[in-house]
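Chain residues, written in single-letter form:
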Amino acid sequence: MVLQKIKIFAIAALSATLVISAPIQAVTPSPQMIEQFKSLPASEQQRLAKQYGISPSVLSGQSGQSSQIAEATPIPARQVQAKEQQTNNLDFEQESEKAELNFFGYDMFAGEPMTFSPISDIPVPSDYMVGPGDTLNVQLYGKDNREYSLTIGRDGNIQFPELGPISVVGLTFSELREYLGERIQKQMIGIESNITLGELRSIRIFIAGDAYKSGSYTVSSLSTITQALFAAGGVNEIGSLRNIQVKRQGQLVGSFDLYDLLLKGDASKDINLRSGDVVFIPSVGGRVSITGEIRRPAIYEIKSNETIDDVVKMAAGVNPGAYPKRSSIERYNHNGLKTIVNVDLTSAKAASKLAKAGDFIRVKSASMQYEDAVTLVGAVVRPGKYQWYQGQKVNDLLPTIWGDLAISADLNYALIIREVNKFGKIEVLQFSPGKAISQQVQSENIALSPRDKVILFNYDDSSINRYELNKLVQNRAKKIKSLSSDSLIGNDLFKAGFKSMNIDAAGSMMHKASIGGIVIPGSDKELNEQEQLIGDEVSKMISNLFDDRDLIKLSGSMSREELLFPIISKLSQQSSPLEKAQVVAISGKVKNGGIYPLATNAKVSDLLVAAGGLVEGAYTNRAELTRTENSDSLSDINHIHVNINNAINHLPSDDLLLEGRDMLVVLTTPEWQERKSIEIRGEVKFPGMYNIRRGETLADVMQRAGGFTDFAFPTAAVFVRESVKQQEQLEIKKLADQLRRDIATRGVSKDGTVVNYSEAQLMLTDLENIQAVGRLVVDLNAIQVGIEQADIQLEDKDILYVPTTKQIVSVMGEVQHPSTHRFKEGTTLDQYLSMSGGPRERADDGRTYIIKADGSVMMPKQSFWFSSKAALSAGDTVIVPLDTEYKDNLTLWTQVTQIVYNSAVALATISGL
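Residues numbered from 1 in each chain as written. Predicted model: local features only at pLDDT ≥ 70, side-chain atom pairs only at ≥ 80, totals over all residues. Heavy atoms only, no water.

Some details on the overall build of the protein
Consideration 1: A count of helices and strands for the protein gives 26 helices and 37 strands.
Consideration 2: The proportion of buried residues among the 913 residues of the protein is 44%.
Consideration 3: Contacts in the protein between residues far apart in sequence, at least 24 positions, make up 65% of those at least 6 positions apart. (Helix = DSSP H or I, 4+ residues; strand = E, 2+ residues; numbered from the N terminus. Buried < 20%, exposed > 50% of the residue type's maximum accessible area, 1.4 Å probe, protein only. Contact = heavy atoms within 4.5 Å.)

Here it is in structure tokens:
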């Protein structure tokens, strides 16, 4: 018991000494004291530690006096900055290419955690030099089993129980283990030992030069050069990665090339550091840039005597698409001027050519052209590039119809585009895929040549799925907001390649946008700037069809005119004053009218096949072939009559050989008409759709419809015609444009009143949103009794609405309460206005008018037989317009309000059926 208390007091005294002297590095406690502390109960150990403020781990021998490596102050993650661009406003592609290059190797330190943690989980090398602060774990076994944790003191000794102090200064770990093992074996009979290193000491090193954060660092005694660099945040961009030096007591003890680690994985020279070592980073030496078709383009640091071949190896070699024989080096000469040096990187000369600081190496790319290949595009299963070989024919490239052609392929028309010289001039060959593949007709099964382009077309462009194609084009042409599913290029773009022929993509003659103000459907229009930009973008894309892998892959979704576009453009470019453009056009009663390349020895029958053949209604006894004849002094146009039947049967008299710029028009059979119909709705005995013949009148169809029912109100019938609707819509647009100009130019009216822009803009919005009805006033009662002057000839898509009997009169416009009243025989206009509360203050009651039930308009003040005292008829609508003087004197208010009211009345009549 006494002995136990002595032990407690000894430990308490030791603890107090440790606490008091902690700031000034207390004397290392002996192993005997530590062993005595371990013999105490766990509760007593905790009480003593808590009472004297001592960490139990210190007295337990787990850490001894080993200095804890303080966690370094976090170094902010650096941003690897790109090179500063030269002050040059000119955006040359090569200069921007230089600016995009980064320094090689420096990103190794970017974005890494910049705190340093002790290394405790790696094996200790045998040549590790032990020193003060290292902990030895000694396990004794044999006749007596014991474990010791011994810390090397500042004097280089360890205090070994039963053996006393042992000096280990200057020993490596392997030497210490051998020496201590021999001592134990000799002095402690029957006991074997196992000696390992426990917690390692920390060392203080210095990092100087062009480090990211130079200074003094406390690191693990096992730290190497690279670990020290990470502790300092790495190397600045002006620091060298290839000559990192370690200096010990003023002497250079080693240098490390980081490129060996980065490029070869060689860390053999990444030596361990000792306390007091200085890691010095000198400034960078020469640098060389390399770009182009190289695997790792960057800016590399070079040493003396390194060659261009060494730089290429640093950049991991050239890409497969490179052409190293035509590489170049930008180099400064003795006069400070740039020079270009051509170099063949595959030659032995390049291997020995020294690299110089400031060199900029460009590895050029190989050509994208194929030397011996055949390009297959269009309505095929597997479009792409194929090998060409001598004697290859069409049926070798496409062996079967069902296995190689798309189900929608046109079996009668296909083209081969062939280069006739090295200048890129082309000729066109036409063949029938069906005859070439299935029947192997010799004239159709054409022998192929290198660089041929074989194009197959869809028989019906309207049935193909264009979703993926449109998505691809939209992604490339960012300005395009939406694309039609019918065509990428459209008529306006396609006709650009054949503009001088005055023929559009459908083969129709171009004409003015309007004649006498009447809208002509399908007329030409000027492209605005946005549409022109989009058109240019898409036309460039389509022109490169045969070299664009993505477009080739989706070429089966392209229309006939899109596939022909690059060919038409090329043929147009080949034309000259001495040679007409080798293109022809066909229009009229054919399936696919448009512009086509002129094939070699093509005839009229070939052009008909290219256009997909004739359609119903074609006049086969006569067609018109227009030909341009050029002479030295003038150009003349000749018209040749061709019998289509004879041409199809290959009679030489009519199956003429075509020339460039020929135009064939297939006429329509006289008196031929497409199916036309009108619709009759409402109170007729047999409402529905009625087919009509040319010249048929409304009276004829009414008779076929069985006449009116007993509840019909013919007076209020509404007759709608599509051509009238288009004309009305045009007039509304014109009026909206004129109103917009008036609002912009007339800020103050004649009497000085300021224009109310909010109300004017509201009226303009209402006008722009109006949809024309296309109502044509007809008198069904007069037609019913047989008056021929009242009857009208019918057009396709005419619609007749016959309402039920109406017993109402409506009052609209500027009245106190717009409403609909029950019709009373003998009630006058003034009485109906009074029933609606009378006109408002801003009403122009002097211009009140009546829209009669049949759609005609009556002005009571201007009619000698119709006055405000006269009675109205059932179905009439009274309109009280807005006073235009009240509305700022804008001249268009009367027209605008009248259109709004009249459209509302017509729509109300139709919606009631």
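Having seen the structure, we can now continue with the description.
Quick word on helix α14 (residues 467-476)
Consideration 1: Looking at α14, one finds that the buried residues are Leu469, Asn470, Leu472 and Val473. What you see down the axis of α14 is that its buried residues fit within an arc of 160 degrees, all on one side. (Arc of directions from axis to C-beta.)

Here's the deal with the sheet that holds strand β7 (residues 215-220)
In any sheet, the strands associate via hydrogen bonds between backbone groups, in a parallel or an antiparallel arrangement.
Consideration 1: Judged by pairing direction, the sheet is mixed, and its 5 strands sit side by side in the order β7-β6-β10-β8-β9 without closing on themselves. Each having just a single partner strand, β7 and β9 (251-256) make up the two edges of the open sheet. Pairs of neighbouring strands in the sheet enclose a mean axial angle of 30 degrees, with direction left out of account.
Consideration 2: Summarising the sheet, strand β6 (residues 202-209) and strand β10 (residues 278-281) pair through 4 bridges and their orientation is parallel. Bridge pairing in β10 links phenylalanine 206 to valine 278. (Pairing = 2+ DSSP bridges. Axes fitted to C-alpha atoms, helices over the stretch in contact; angles between N-to-C directions.)

A short note on the pattern of salt bridges
Consideration 1: Taken as a whole, this structure holds 30 salt bridges when the rule is applied.
Consideration 2: One salt bridge connects glutamate 419 with lysine 453, and the closest N-O pair in it is separated by 3.6 Å. Here the residue glutamate 419 occupies a position in strand β18 (residues 409-419), and lysine 453 occupies one in strand β20 (residues 453-458), the gap between them amounting to 34 residues.
Consideration 3: In this structure, arginine 627 engages aspartate 662 in a salt bridge whose closest nitrogen and oxygen atoms are separated by 2.8 Å. Taken as a pair, arginine 627 in strand β25 (residues 618-630) and aspartate 662 in the loop between α20 (644-648) and β27 (663-668) lie far apart in primary sequence, 35 residues in all.
Consideration 4: Overall, arginine 627 belongs to the buried group, its relative accessible area being 8%. (Salt bridge = Lys/Arg side-chain N within 4 Å of Asp/Glu carboxyl O.)

A few points about helix α18 (residues 560-574)
Consideration 1: Compared with the 21 Å implied by 1.5 Å per residue over 15 residues, the 22 Å span of α18 between its first and last C-alpha is a close match.
Consideration 2: Residue proline 566 marks the point of greatest curvature in α18, where the axis turns by about 30 degrees.
Consideration 3: For α18, the tally of buried residues reaches 13 of 15 residues, placing the bulk of the element in the interior. (Expected span 1.5 Å × (residues − 1). Bend = angle between axes of the 7 residues up to and from the residue.)

Some remarks on the nonpolar core
Consideration 1: With 50 residues, the main nonpolar core has Ile567, Ile586 and Tyr596 as its most contacted residues.
Consideration 2: Those residues in contact with tyrosine 596 that lie beyond four places of it in its chain are Tyr413, Arg560, Leu564, Ile568, Val583, Val584, Ile586, Leu607, Ala610 and Ala611.
Consideration 3: If you look at the next biggest cluster of nonpolar residues, it comprises 48 residues, including Leu101, Met108, Ile290 and Val311. (Core = buried A, V, L, I, M, F, W, Y, C linked by side-chain atoms within 4.5 Å.)

Re the pairing of β20
Consideration 1: Within β20, 6 of the 6 residues are buried, which leaves the element mostly enclosed by the surrounding structure.
Consideration 2: The pairing of strand β16 (residues 373-378) with β20 spans 4 bridges and is classified as parallel. Counted as the bridge partner of leucine 376 is valine 454 from β20.
Consideration 3: Sheet analysis places β18 next to β20, joined by 5 bridges and oriented antiparallel. In the sheet register, isoleucine 417 faces β20, and the bridge partner there is lysine 453.

Things to note about the packing of aromatic side chains
Consideration 1: The full count for this structure, using the stated rule, is 6 aromatic pairs.
Consideration 2: Ring centres of phenylalanine 104 and tyrosine 259 lie 5.3 Å apart, and the angle between their planes is 85 degrees; this geometry places the pair in the edge-to-face category. On the criterion of sequence distance, the pair formed by phenylalanine 104 in the loop between α5 (93-99) and β1 (135-142) and tyrosine 259 in helix α8 (residues 258-264) is long-range, its members being 155 residues apart. Assigned by exposure class, phenylalanine 104 and tyrosine 259 land together as buried.
Consideration 3: Between phenylalanine 104 and tyrosine 300 the ring centres are 4.9 Å apart and the planes differ by 35 degrees, which places this aromatic pair in the tilted class. (Phe/Tyr/Trp six-rings, centres within 6.5 Å; stacked < 30°, edge-to-face > 60°.)

Description of the confidence of the model for the protein
Consideration 1: This prediction gives the protein a mean pLDDT of 78; 74% of its residues lie at or above 70.
Consideration 2: Across residues 1-31, confidence stays below pLDDT 50; counting only partners more than four residues off in sequence or on other chains, it has 37 contacts. (pLDDT = per-residue confidence, 0-100.)

Digging into the pairing of strand β17 (residues 384-387)
Consideration 1: Bridge analysis of β16 against β17 gives 4 bridges, and the strand direction is antiparallel. Paired with valine 374 across the strands is tyrosine 386, a residue of β17.
Consideration 2: Once β16 ends, the chain turns through 5 residues before running back antiparallel as β17.

Let's talk about the sheet that holds β17
Consideration 1: The strand order across the open sheet formed by 5 strands is β17-β16-β20-β18-β19, and the pairing between neighbours is mixed. Where the open sheet ends on each side, the last strands, each with one partner, are β17 and β19 (426-431). Mean inter-strand twist for the sheet, computed between neighbouring axes without regard to direction, equals 25 degrees.
Consideration 2: The strands that α18 touches are β16, β18, β19 and β20; relative to β20, the one it contacts most, it runs at about 135 degrees.

Points about the environment of serine 174
Consideration 1: Within the element layout of this structure, serine 174 appears in helix α6 (residues 173-187).
Consideration 2: Residue class for serine 174 comes out partly exposed when judged on its relative accessible area of 29%.
Consideration 3: The spacing of serine 174 and valine 124 is 50 residues in sequence and 9.9 Å in space, taken between C-alpha atoms.

A word on the environment of lysine 349
Consideration 1: By the element assignment, lysine 349 lies in helix α10 (residues 348-352).
Consideration 2: The class of lysine 349 is exposed, set by a relative accessible area of 63%.
Consideration 3: Along the backbone, lysine 349 and isoleucine 308 are 41 residues apart, and their C-alpha atoms lie at a distance of 9.6 Å.

What to know about the side chain of aspartate 257
Consideration 1: Along the polypeptide, aspartate 257 turns up in the loop between β9 and α8.
Consideration 2: The buried category is assigned to aspartate 257, whose relative accessible area is 6%.
Consideration 3: For aspartate 257, the side chain forms a polar contact with the main-chain nitrogen of tyrosine 259, separated by 2.9 Å. (Polar contact = N/O pair within 3.5 Å; in protein donor to acceptor, adjacent residues only side chain to side chain.)

Quick notes on the side chain of aspartate 876
Consideration 1: The residue aspartate 876 is located in the loop between β36 (857-858) and β37 (877-880) in this model.
Consideration 2: Side-chain polar atoms of aspartate 876 contact the backbone nitrogen of alanine 853, separated by 3.2 Å.
Consideration 3: Residues within four places of aspartate 876 in sequence aside, it is in contact with Ile808, Val809, Ser810, Ile850, Ile851, Lys852 and Ala853.

Let's talk about unusual backbone geometry
Consideration 1: Here glutamine 249, not a glycine, exhibits a phi torsion of approximately 55 degrees, which is positive.
Consideration 2: Among the secondary structure elements, glutamine 249 is positioned in the loop between β8 (244-248) and β9.
Consideration 3: Note on glutamine 249: relative accessible area 79%, which makes it exposed.
Consideration 4: The backbone phi angle of arginine 661 is positive, close to 70 degrees, even though this residue is not glycine.
Consideration 5: If you trace the backbone, arginine 661 turns up in the loop between α20 and β27.

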